[in-house]
Amino acid sequence: MSDETTTTAAPKIPAQPGPRRSLLEIDNVTLRFGGVVALDGISFEIHEGEILGLIGPNGAGKTTCFNVMTGVYKPTSGAVRFGGEQVTGRKPHQISRMGISRTFQNIRLFPEMSALENVIVGTDSRHKTSVPGALFRVPRKRPKPEELPEVTATSGLARTWQQLRRSFAGTFGLSRHVLEERAAEAKAMELLRFVGIADRANDAARNLPYGYQRRLEIARALGTEPKLICLDEPAAGFNPAEKEELLELIRKIRDMGVTVLLIEHDMRLVMGVTDRIVVLEFGRKIAEGAPAEVSRDPRVVAAYLGESTDAA
Ligand SMILES: Nc1ncnc2c1ncn2[C@@H]1O[C@H](COP(=O)(O)OP(=O)(O)OP(=O)(O)O)[C@@H](O)[C@H]1O
């Protein structure tokens, strides 16, 4: 990795050690799609500050679980609570504001927008300026020196124009909307640095290498300042070196105080990074515990070898 792509240190306060509180509770959740029971009475908790793995064979119900937690699907029965509050019945954007964000198994970026803009879109939901406020650019506030428009042109009309803009802003102030835009841009840039792709900030998302697009999805999900981030197969299509870097990034995300729920098929990665693991099979939870414990569980071994669990 080049210097520019090296990920930066966690921008927030490290997670505090101490007793683990429940952040999210999936309480006896069942979800039927017609005759298909995608989730069948699932219950588990995600503790604040942990990295929890959600694993299971294809079709086990992992992504459906994410979809229930993020409001894409309403469970047929059961409840999801986040920080003690009901999630069930809320819309995805409301759940995002509560502090849950996610990435997708199939990358979902705005392909024509730059990497930076893709992250800014995520941070936008936090803007406080009203639409009229943004249109008329009021109220105005005197900016700090670092918030003033930069003079980057070295000569000519462009430089004169930039100098005028800077001195106008210094005299009359900047609208709250502009200040928010600048703050969002700075924050987005910091997140791109954090995930290690700041060197391609201005490239259209569709032109980024695959691994960069996956990291960009993570940066965008972090832009909403989540308490919980759900990563749906973030290492899909990665080579071993990229997987190793991703592992490091996931730990850094946890270290900055964000709880992580990870769906991943690569067992080495899951075992290497998670604190606990929940295993699903055919929509049911078949095991839960520390990685070493789960990997020895005969039902888990059977599920992964494709044998009948009854025979285990
Ligand atoms: N919208 C839907 N309509 C009907 N059935 C669905 C729908 N979404 C999921 N399912 C079914 O629910 C079950 C669980 O699917 P899900 O995608 O959650 O599994 P998964 O564990 O994430 O699998 P994979 O590892 O292959 O992504 C599967 O049988 C799937 O076909």
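Residues numbered from 1 in each chain as written. Predicted model: local features only at pLDDT ≥ 70, side-chain atom pairs only at ≥ 80, totals over all residues. Heavy atoms only, no water.

An unreviewed UniProt entry lists the protein chain under the name ABC transporter ATP-binding protein, with Micromonospora endolithica as the source organism.

A. Geometry of the side chain of N67. Along the chain, N67 falls in helix α1 (residues 62-69). In contact with N67, not counting residues within four places along its chain, are V72, Y73 and R102. (Helix = DSSP H or I, 4+ residues; strand = E, 2+ residues; numbered from the N terminus. Contact = heavy atoms within 4.5 Å.)

B. Spatial organisation of the sheet that holds strand β6 (residues 100-102). A sheet is described by the order of its strands in space; here 6 strands give the open sequence β6-β9-β10-β3-β11-β12, paired in mixed fashion. On the outer flanks of this sheet lie β6 and β12 (284-289), each paired with one strand and no other. Ignoring strand direction, the axes of neighbouring strands in this sheet form an average angle of 20°. Sheet topology places strand β9 (residues 228-232) next to strand β10 (residues 259-263); 5 bridges connect them, and they run parallel. Bridge pairing in β10 places D232 opposite I263. Here α1 sits on the sheet and contacts β3 (51-55), β6, β9, β10 and β11 (276-281); the angle it forms with β9, its principal contact strand, is near 150°. (Pairing = 2+ DSSP bridges. Axes fitted to C-alpha atoms, helices over the stretch in contact; angles between N-to-C directions.)

C. Spatial organisation of the environment of D203. Residue placement: D203 occurs in the loop between α6 (176-195) and α7 (210-222). The class for D203 is partly exposed, based on a relative accessible area of 26%. Separated by 87 residues in sequence, D203 and L116 have C-alpha atoms that sit 8.2 Å apart. Once residues within four sequence positions are removed from consideration, D203 is found in contact with M113, S114, A115 and L208. In this structure the side chain of D203 is engaged in a polar contact, spanning 2.4 Å, whose partner is the side chain of R200. (Buried < 20%, exposed > 50% of the residue type's maximum accessible area, 1.4 Å probe, protein only. Polar contact = N/O pair within 3.5 Å; in protein donor to acceptor, adjacent residues only side chain to side chain.)

D. Geometry of a nonpolar patch on the surface. A surface patch of nonpolar side chains, about 340 Å² in accessible area, is lined by F33, V36, V72 and Y73. Note that F33 resides in strand β1 (residues 22-33). (Patch = residues over 30% accessible without salt bridge, like charges linked within 9 Å, V, L, I, M, F, W, Y side chains within 5 Å. Areas by Shrake-Rupley, 256 points an atom, 1.4 Å probe, with all protein chains shown as cover. Salt bridge = Lys/Arg side-chain N within 4 Å of Asp/Glu carboxyl O.)

E. Summary view of the site of the ligand. The immediate surroundings of the ligand are formed by 15 residues, with G59, G61, K62, T63 and T64 found nearest. Within the backbone of A60, one N or O atom sits 3.1 Å away from an oxygen atom of the ligand. Here the ligand, which alone exposes 630 Å², has 64% of that area covered by the protein. Counting residues per element, the ones that place at least two in the shell around the ligand are β2 (36-47) and α1. (Near = heavy atom within 4 Å.)

F. Summary view of the sheet that holds strand β4 (residues 77-82). Here we have 4 strands laid out as an open sheet, ordered β2-β1-β4-β5, and antiparallel in their pairing. Each end of this open sheet is capped by a strand with a single partner; those strands are β2 and β5 (85-86). Sheet topology note: the β1/β4 ladder contains 5 bridges and is antiparallel. Its bridge partner being in β4, E25 is matched across the sheet by R81.

G. Just α1, in detail. Of all the 8 residues making up α1, 7 are buried; the element is thus mostly covered by neighbouring parts of the structure. Buried residues of α1: K62, T64, C65, F66, N67, V68 and M69, and no others.

H. The pairing of β1, seen in detail. Two strands pair when backbone bridges link them, and β1 and β2 are joined in this way by 8 bridges, in the antiparallel orientation. By the bridge assignment, V29 is partnered in β2 with I42. In textbook terms, the turn of a hairpin is the stretch between consecutive antiparallel strands, and for β1 and β2 this stretch comprises 2 residues, one of which, G34, has a positive phi near 55°.

I. Representation of the nonpolar core. L192, L216, I218, L222, I229, I250 and I253 are the most contacted members of the largest nonpolar core, which totals 38 residues. Residue contributions to this core reach at least three from each of two domains, namely domain 1 (1-99 + 226-312) and domain 2 (112-220). In terms of nonpolar packing, the next biggest core, distinct from the first, is built from 28 residues, I42, C65, F82 and V87 among them. (Core = buried A, V, L, I, M, F, W, Y, C linked by side-chain atoms within 4.5 Å. Domains from an automatic or database assignment.)

J. Fine view of the state of the cysteines. All chains considered together, the criterion is met by 0 disulfides. Sulfur of C65: no disulfide; nearest cysteine sulfur belongs to C230 and is 9.2 Å away. Residue classification places C65 among the buried residues on the basis of a relative accessible area of 1%. (Disulfide = S-S within 2.5 Å.)

K. Seen up close, the packing of aromatic side chains. Inspection of every chain in the model, using the stated rule, returns 2 aromatic pairs. Ring geometry for F33 against Y73: centres 5.0 Å apart, planes inclined by 75°, an arrangement best described as edge-to-face. Here Y73 lies in the loop between α1 and β4 and F33 lies in strand β1, a separation of 40 residues in the sequence. Given a relative accessible area of 37%, F33 falls into the partly exposed group. With a relative accessible area of 32%, Y73 lands in the partly exposed category. (Phe/Tyr/Trp six-rings, centres within 6.5 Å; stacked < 30°, edge-to-face > 60°.)

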